[in-house]
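Structure assessment
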Amino acid sequence: MLAVSEALDFLMAAARPVADTEVVPTLEANGRVLAEAQVSTLNVPSADNTQMDGYAVRAADCESGEATLTVSQRIPAGQVGAFLAPGQAARIFTGAMIPDGADAVVMQEQCEAVAPDRVIIRHTPTSGEWIRRAGEDITAGCEILPAGTRLRSQELGLAASVGLAGVTVVRKLRVAVFFTGDELAMPGEPLAPGAIYNSNRFTLRALLENLGCAITDFGIVPDTLAATRDTLRSAARDHDLIITSGGVSVGEEDHIKPAVEAEGRLNMWQIAVKPGKPLAFGEVRRDEGTAFFLGLPGNPVSSFITFLLFVRPFILRLQGVQGDVAPRAFSMRADFNWTKADRRNEFLRARVNASGGLDLFPNQGSGVLTSTVWGDGLVDNPPSNPIAAGDTVRFIPFSELLH
């Protein structure tokens, strides 16, 4: 069995990023990945402006700390003021351009208007006080976002701040999913003896939607080799990646492995991870090239965790995301004992408690979905490693794994 790090390295090396691109409106680009660097054509701010409501002044006129000045103009944001002569002040509002001649702004709390055209400045400002300089955030010609950036709200706001109405992004990754198991039923259907509801369909589709994939759901496929092979062929035609759940073990009713080997090749199978050992990776043939294949375990927690650990970073690479796609981990105190260490790399569901330590969900079984809702993340426990209360452990929050 491959170690977790070995499996991740193998997947990252195998990923072929999507090459097709499209231009989309910046307003509709949330979650998309930039195909090319974005460069600003202007300065931000475009001109010196005020950070405060108050009065624009010449600092030299206010050296006494009690200067009375003539209010010569009023400058709201979006308007351009006139030249400010010595002995004058301009009533100015946050974001408005600094008029020529002024070199400081005094906040209104330090001023007293004594007439419609007179103000007392009870402060000694320094030159540049409360002024945002042109280009202090962004200068024209600089790269603001590199290629391979996954666009979040922050990046979209930055793109808009330099006037980018549209951006060139990688087209959406096309992902096919299907689920194996004659025992599976859909919520709303009667539950026959021995049947279970297909929770993985809901979990995996939501995870793929959160990653911005274009999803085709082939539903529940009968537990036969012929049906599995036929669905693999159909899924490979128009998709970049095929994801399945269930049927990747070695039982007589587990047809994924022989089906992938018949329709393509299997490059990786079984990882030293708990939960989730039977994780399959390969490729399925199509008329031109191949579609990637990832087969996840059928147990709900195993499917969820192997998606977060292995499928998520692989998808990000296929989408063209550059840089480190590994989730951040944090050193935290274990407030539990874990004596039954496994020879595999374990990922234990845990929650942050009120004292800043970690509590462990009492049942770490691979079918206990309540642990994923209760928990805040996973303790990444090395192979054969018991944990005693007070030990420092490596904790990966779900917020990182679901990002």
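Conventions we followed
Residues numbered from 1 in each chain as written. Predicted model: local features only at pLDDT ≥ 70, side-chain atom pairs only at ≥ 80, totals over all residues. Heavy atoms only, no water. UniProt positions renumbered as here; feature names shortened; annotations may be inferred. Core = buried A, V, L, I, M, F, W, Y, C linked by side-chain atoms within 4.5 Å. Buried < 20%, exposed > 50% of the residue type's maximum accessible area, 1.4 Å probe, protein only. Helix = DSSP H or I, 4+ residues; strand = E, 2+ residues; numbered from the N terminus. Contact = heavy atoms within 4.5 Å. Pairing = 2+ DSSP bridges. Axes fitted to C-alpha atoms, helices over the stretch in contact; angles between N-to-C directions.

In the nomenclature of an unreviewed UniProt entry, the chain is known as Molybdopterin molybdenumtransferase of Massilia soli. As recorded by UniProt, the Function (unreviewed entry) comment attached to the chain reads in full: "Catalyzes the insertion of molybdate into adenylated molybdopterin with the concomitant release of AMP." Quoted verbatim from the Pathway (unreviewed entry) heading of the UniProt record, the comment on the chain is "Cofactor biosynthesis; molybdopterin biosynthesis."

The next point concerns the nonpolar core. Grouped together as the largest cluster of nonpolar side chains are 46 residues, with contacts concentrated most on Leu241, Ile243, Phe307, Phe310, Phe314 and Ile315. Elements with a contribution of two residues or more to this core: α1 (4-14), β13 (174-180), α3 (199-210), β17 (241-245), β21 (290-296), α6 (300-318) and α8 (398-401). When residues in this core are grouped by element, the largest group, 12 residues, is from α6. The residues touching leucine 241, leaving out its near neighbours within four places in the chain, are Arg174, Val175, Ala176, Phe292, Phe293, Leu294, Phe314, Ile315 and Leu318.

For the rest of this paragraph, the subject is the sheet that holds strand β20 (residues 280-285). Two orientations exist for strands paired in a sheet by backbone hydrogen bonds: parallel and antiparallel. Strands sit in the order β16-β13-β17-β21-β20-β18 across an open sheet of 6 strands; the sheet is mixed. At either end of the open sheet lies a strand with only one pairing partner, and these are β16 (214-221) and β18 (264-269). Along the sheet, successive strands turn relative to each other by an average axial angle of 20°, direction set aside. Direction of pairing for β20 relative to β21: antiparallel, over a ladder of 6 bridges. Bridge pairing links phenylalanine 281 to leucine 294 in β21. Against the sheet, α1 engages β18, β20 and β21, with an angle of about 145° to β18. Strands β13, β16, β17, β20 and β21 of the sheet are contacted by helix α4 (residues 225-237), whose axis makes an angle of about 170° with β16.

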